[in-house]
Amino acid sequence: MLSFAALRARWTGLLGPFIALCLGVALMSTTALILVSAQPRVPDRYAGAAVLVAARTVDGIPGTFPERRPWSPERTADLAGRLAAIDGVTAAVPDRSFYAQAVLDGRPVGEPALGDPQGHGWSSAALAPYRLVAGSAPVRPDEVVLDRSLGLDPGGQVTLLTATGPADYTVAGTVDGPGFYLDDPVAAPLARGVRLIGLLVADDADPTAVRAAAEAVVGPDGTVLTGADRAEAEPPRDTRTRWIGMQVLTAMTALAGFVSIFVVASTFAFGVAQRRREFGLLRTVGATPGQLRRLMYTEALAVGAVGATVGVVLGTACAPAFGALLVDAGFQPVGFRVRIEPWPPAAAYLVGLVVALLGVWSASRRAGRVRPLEALREAVLDRRPMTRSRWVGGILATALGLLLTVLLAGAGPDDIVNYALYASMALTGGLTLLAPVLVPPLTYALTWPLERLPGATGMLVRRNALTAVRRTASTSAPMLLTVGFAVLIAGSVATSTGAYASRDAGAIRAGSVLVPAGTPGLSDAAVATVPGTALLPSTVYADPSDAATTGTATAGTATGAGVPIAAAGVDPAGFAQVNGRLSVLSGDFSAFRGPETAVVTAGLADQLGWAAGDGATLGYPDGTGGQVRVAAVVADGSIPAQLLLARELVRAHDPSALTEAVFTASTTGPDGDGVDHRAVLGARLVGVPEYAAERDAAEDRLVWLATLILIGVSAGYTAIALANTLLMATAHRARELLVLLRSGATVRQVLGTVAAETGLVLAIGTALGLLVPTVALLAIRSALSEQFAVPVELVVPGSTIGLVVAGCAVLALVASVLPARLILRTGPGGGAGHRVE
Amino acid sequence: MAQRDGTTRRHDIARREETPDLTAAVRLREVVRAYGTGARRVAALDGVTVDFDRGSFTAVMGPSGSGKSTLLHCAAGLDRPTGGTVTIDGTDLGTLGETALTLLRRARVGFVFQSYNLVPALTAAQNVALPLRLAGRRPDPAELDATLAEVGLAGPGRHRPDELSGGEQQRVAIARALISRPAVLFADEPTGALDTRTSRDILRLLRTLVDQHRQTVVMVTHDPVAAAYADRVVLLADGRVVDELGGELAAETIAARMTRLEPAC
Ligand SMILES: Nc1ncnc2c1ncn2[C@@H]1O[C@H](COP(=O)(O)OP(=O)(O)OP(=O)(O)O)[C@@H](O)[C@H]1O
Ligand SMILES: [Mg+2]
């Protein structure tokens, strides 16, 4: 009865925890459903092949995901022949893929991802299976079968862009699936190495027998996948997308969980401070400390149960739409769908209850410590706003934050953001705890002019804020957090992105850069339009040095299928001119010339036991192998890959590779060198700074999206806390506001006072909130400029801050003026006089 | 004067301890309650020894700031003295933890404040039933009605405090203090906020409780007329018991004694 009545009478104080828990649980159930649903799927392209034989995976280049290392052409042919001979197998189709993009109206359309080429041999259409909708299979070298959704009819002409450049084809037919299909002998020379052979199996064949036979054929040289296991054949790109999505989702959910605890804890704590009288009264009437604690727990549980129920329903209902949103944003692979299962929402519900109980824990302890006689005192004046634990906690947290800031200034680039985050967390926590000390002088300074104004509002605002120090501190704390985190996250991302870009720009000695436009990379035809140095990235493989094999991928060594290396094909002389960051550790860079030589980074040389002058055995992406001589060992990070090879070597072994950029000496741009760059298909000429800034544009976009999501979640939550604290504080001041009304103030004047007080709280919160990230951002800047040895500009995203502050201001004013208006509706004789609350 | 008081008091204690008094509901021995430390130390109670006998009606009087409220709070276990002992029904409060003390208060002590102190969210009847519910008991409706009737409140049980008059609220507060049949009922200026007529009703109610139910009542008041309803008046000044009046009490006698006391502080 007691807690129920209390719940009814105190809805203002419980609204915040309710909304926080409701949103938190909604977010958690959505995330849990998405995480459970986010499993690898059998790629559509292989759906019709009962058995897949995939090449062995090699552990990824640091920072990427495991890839399959292609078989050699001979091995592929051998395997395909023997697999086709298995009883029950009607066909063994090697999957040959190459970069292809249609050009419609003079522009490349449907930009495919780098790791997901859309050109295939016609035979692999049977693996899906994609069937001819119109026309016939490609027979002649200039015939193509393509997706009917492109809207082209058999017999028509189409320009296809491949790694060599644009070429004209005749549409032979259309299929009911994505891709461009050429006759197999035409596709083979364009394609990268074969990594997968799909087996089409007769309906009456025994799958286990086929599987066993296939395993016997490939031996240790591959994996046989059947049924749901075939999901392992998904493109590594999808694995990566899903992984990024998971990171963002888990970060978001963890943040939501912690912030929920904070919101619940702070509103309940504030509630206890306001209800001391009520609790004192209950203690006088005979409530034990334990009963008060249980009262708080009951309230929290009731709020938690209702909030979590609403949250679970909301989260489950929104999960499919949110899943689609994630696919659009690039946080889940295309084709991802949310499966609704009962247990993830159930788990989220339980977590919601636990969060509510954790949040109320300290408040309940405080409630239990209320003395009986506190009912008799008018506790408006904060006599002791600082408790000892507040002092200790505040000083410790601030000291820790400052220490981390000092460490931050000397941290390595990878640690900078972590240190900044921890430092500002500690500083923010410290400032929040010390707020009762910091608020009076700030208030004093901020409101000094107010008392000199003729009206009563200024004086009231100033005196109220100075008197109720702890209330002012409590209400400005959420604002401090909101502003602090928004500025920190946005500022550190913007500053470090800018710093990386200016570092990269400083390292490139070129007039301008030809970059892809609407394509994943530059074709050879595009490269040829400008004089300059091209960068052609690819992946090669190294077998451990003791394996003095011929370089084919059959060596059964301890590390399995070898070590993948991020390589780049360049023109040696041109590269040396363009790269301003080159730092040769041993050997001679000028000895790097021709396809028999290579340059390696120190890190890779160490890993593989290579030294300048050594011969190195490499496996190429087409499955063949060869030897190169290490001309020079250079410092890590001084070249844009782990290994530099001659461009023609890379092109010869990776026919599908696309050029990342061409650096040209000309600074005059489109007009100066006689080439109309706008006419270059799928390319665009840009200045060096723009190139540096855009280089990781896709990556940056994801980082920025994740940043916005995190800011959104934390700012959203702290805004809830802000609104709720103000709502409670205003509701609690009913008596005081009525006294003002009775003293002759008009309703307008009282509301004006309330609004002005809210404005003051916002100003104090913003001022303190700007303090923390400024310290952290300055430290980030000095760390980055020391690391990169270039001046780094401090980027403070003003619009983000403005948006956050404006949003909070609107919310805060509504949350304080509206309840005040409701209170004043009763008029000066209003009945709130007797009420303790 | 302090010296002489001290000796008589010691004599008193000696005499009482020779013949263990089974009739005392509450005993205070050398109770000290000091606020602050060092130079700012204020002793609101400065060695008070007093007994409140079972079934007696005691009025505590004294100038403002003399420590009356503090005495009541210490005697009721709402506040803990800094020195001396308080015993309720033979239990030394100093030996009890916070929870045990609360349980004892809930069972043995009723307290009525000048400013009612009702829970605003609860109706009158719910306020009265609150101590029972806190004790984990389901209030018997008949018992509730009886208690409300006892304080002269039959009708407004369903109203919330802000819908009741001051006198009605004080009756609800008294009913709440009585519902658990406490050994002793403390009242701190229960009529301080009420008009003369309503005050008389409340005082007569307290008198009836003492006469008909042998309820022990200790009441703080400034009003000699109110004090005249009691069997005994304890006079406090500067945190010490300075005098006691007993027998037939007339308001005039009490008023005269009070006036003599005023210059003393
Ligand atoms: N919390 C406190 N802190 C410091 N001093 C206190 C506190 N409570 C009471 N006092 C002091 O103790 C003394 C006695 O107070 P008490 O409230 O018992 O007086 P009283 O006799 O009830 O007065 P009144 O008739 O005005 O109610 C006063 O001097 C008062 O200032
Ligand atoms: Mg008093």
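Residues numbered from 1 in each chain as written. Chains lettered and ligands numbered in written order. Predicted model: local features only at pLDDT ≥ 70, side-chain atom pairs only at ≥ 80, totals over all residues. Heavy atoms only, no water.

Per an unreviewed UniProt entry, chain B carries the name ABC transporter ATP-binding protein and comes from Plantactinospora mayteni.

As named in an unreviewed UniProt entry, chain A is ABC3 transporter permease C-terminal domain-containing protein, taken from Plantactinospora mayteni. Comment text from UniProt for chain A, heading Subcellular location (unreviewed entry), reads "Cell membrane". Here is the UniProt Sequence similarities (unreviewed entry) comment for chain A, exactly as written: "Belongs to the ABC-4 integral membrane protein family." (UniProt positions renumbered as here; feature names shortened; annotations may be inferred.)

Peer 1: Please clarify how the site of ligand 1 should be interpreted in this entry.
Peer 2: Among the 13 residues in the neighbourhood of ligand 1, the closest are listed as Ser64, Gly65, Lys68, Ser69 and Thr70 of chain B. More than one chain reaches ligand 1: its neighbouring residues belong to chains A and B. Measuring from an oxygen atom of ligand 1, one finds a side-chain N or O atom of Ser64 of chain B at 2.5 Å. At 2.7 Å, a side-chain N or O of Ser69 of chain B approaches an oxygen atom of ligand 1. Ranked by the residues each element gives to the shell around ligand 1, the list is headed by helix α2 (residues 68-76) of chain B, at 3 residues. Grouping the constituent residues of the shell around ligand 1 by class yields 3 nonpolar, 7 polar and 3 charged. (Near = heavy atom within 4 Å. Polar contact = N/O pair within 3.5 Å; in protein donor to acceptor, adjacent residues only side chain to side chain. Helix = DSSP H or I, 4+ residues; strand = E, 2+ residues; numbered from the N terminus. Nonpolar A, V, L, I, M, F, W, Y, C, P; charged D, E, K, R; others polar.)

Peer 1: Would you explain unusual backbone geometry in this entry?
Peer 2: With the exception of glycine, the majority of residues adopt a negative phi angle, and the majority of peptide bonds are in the trans configuration. For the peptide bond that leads from Ala128 of chain A to Pro129 of chain A, omega is -10 degrees, which places it in the cis range. The topology assignment puts Pro129 of chain A in the loop between β8 (119-121) and β9 (132-135). Here Arg181 of chain B, not a glycine, exhibits a phi torsion of approximately 50 degrees, which is positive.

Peer 1: Help me understand helix α3 (residues 73-84) of chain A in this model?
Peer 2: Residues three or four positions apart in an α-helix share a direction because the helix packs 3.6 residues into each turn. Counted at 1.5 Å a residue, the expected span for α3 of chain A with its 12 residues is 16 Å, and the 16 Å between its end C-alpha atoms agrees. Check the buried side of α3 of chain A and you find it contacts β1 (51-55), β4 (89-94), β14 (196-201) and α5 (207-218) of chain A. (Expected span 1.5 Å × (residues − 1). Contact = heavy atoms within 4.5 Å.)

Peer 1: Is there a simple way to explain the packing of aromatic side chains in this structure?
Peer 2: Within a pair of aromatic rings, the relevant descriptors are the distance that separates the centres and the angle that separates the planes. All names here are of chain A. Considering all chains together, one arrives at 6 aromatic pairs over all chains under this definition. Centroid distance Phe575 to Phe589: 6.2 Å. Interplanar angle 25 degrees. Geometry classified as stacked. On the criterion of sequence distance, the pair formed by Phe575 in helix α15 (residues 572-578) and Phe589 in the loop between β19 (584-587) and β20 (597-601) is long-range, its members being 14 residues apart. Note on Phe575: relative accessible area 6%, which makes it buried. The exposure class assigned to Phe589 is buried, which follows from its relative accessible area of 9%. A centroid spacing of 5.7 Å and a plane angle of 75 degrees characterise the contact between Phe589 and Phe592, whose relative ring orientation is edge-to-face. (Phe/Tyr/Trp six-rings, centres within 6.5 Å; stacked < 30°, edge-to-face > 60°. Buried < 20%, exposed > 50% of the residue type's maximum accessible area, 1.4 Å probe, protein only.)

Peer 1: I tried to follow the sheet that holds strand β4 (residues 83-88) of chain B on my own but got confused; where do I start?
Peer 2: For sheets, the rule is that strands pair by backbone hydrogen bonds, running either parallel or antiparallel. All names here are of chain B. Spatially, β2-β1-β4-β5 is the arrangement adopted by the 4 strands of the open sheet, whose pairing is antiparallel. Looking along the sheet, the strands with just one partner apiece sit at the ends: β2 (42-53) and β5 (91-92). Note that strand β1 (residues 24-35) and β2 share 9 bridges and pair antiparallel. Bridge pairing in β2 places Val31 opposite Val48. (Pairing = 2+ DSSP bridges.)

Peer 1: Help me out: how do you make sense of the sheet that holds β1 of chain A in this one?
Peer 2: Residues and elements named next belong to chain A. Here 4 strands make up an open sheet; going across it, the order is β4-β14-β1-β15 and the pairing antiparallel. Two strands lie at the open edges of the sheet, namely β4 and β15 (222-226), each paired on one side alone. In this sheet, neighbouring strand axes are inclined to one another by 20 degrees on average, regardless of whether the strands run parallel or antiparallel. Bridging between β4 and β14 involves 5 bridges; their strand directions are antiparallel. Each bridged residue has a counterpart across the sheet, and for Ala91 the counterpart in β14 is Leu200. On top of the sheet, α3 reaches β1, β4 and β14; it is set at about 165 degrees to β4, its chief contact. Along the sheet, α5 makes contact with β1, β4, β14 and β15, crossing β15 at roughly 170 degrees. (Axes fitted to C-alpha atoms, helices over the stretch in contact; angles between N-to-C directions.)

Peer 1: Even after reading the chapter, I still don't get the side chain of Thr519 of chain A, so can you show me in this structure?
Peer 2: Residue and element names in this part refer to chain A. Position of Thr519 among the secondary structure elements: in the loop between β16 (512-516) and α14 (524-528). A relative accessible area of 4% means that Thr519 is categorised as buried. Here Gly682 takes part through its backbone oxygen, which lies 3.2 Å from a polar atom of the side chain of Thr519. Beyond its immediate sequence surroundings of up to four residues, Thr519 is in contact with Tyr99, Gln101, Pro108, Glu111, Leu161 and Gly682.

Peer 1: When you look at the packing of α3 of chain A against α5 of chain A in this model, what are you seeing that I'm missing?
Peer 2: Each pair of packed helices can be summarised by the angle the axes make with each other and by the distance between the axes. Residues and elements named next belong to chain A. The interhelical angle for the contact between α3 and α5, taken along N-to-C directions, is 150 degrees, at an axis separation of 10 Å. It follows that α3 is roughly antiparallel to α5 by the angle criterion. Helix-helix and strand crossings are classified by hand; for α3 and α5 the assignment is right-handed. Contact residues: Arg75, Leu79, Arg82 and Leu83 in α3; Ala214, Val217 and Val218 in α5. Across the contact of α3 with α5, the residue classes tally to 5 nonpolar, no polar and 2 charged. (Parallel < 35°, antiparallel > 145°, perpendicular 65-115°, else oblique. Left-handed = near helix turned anticlockwise from the far one by under 90°.)

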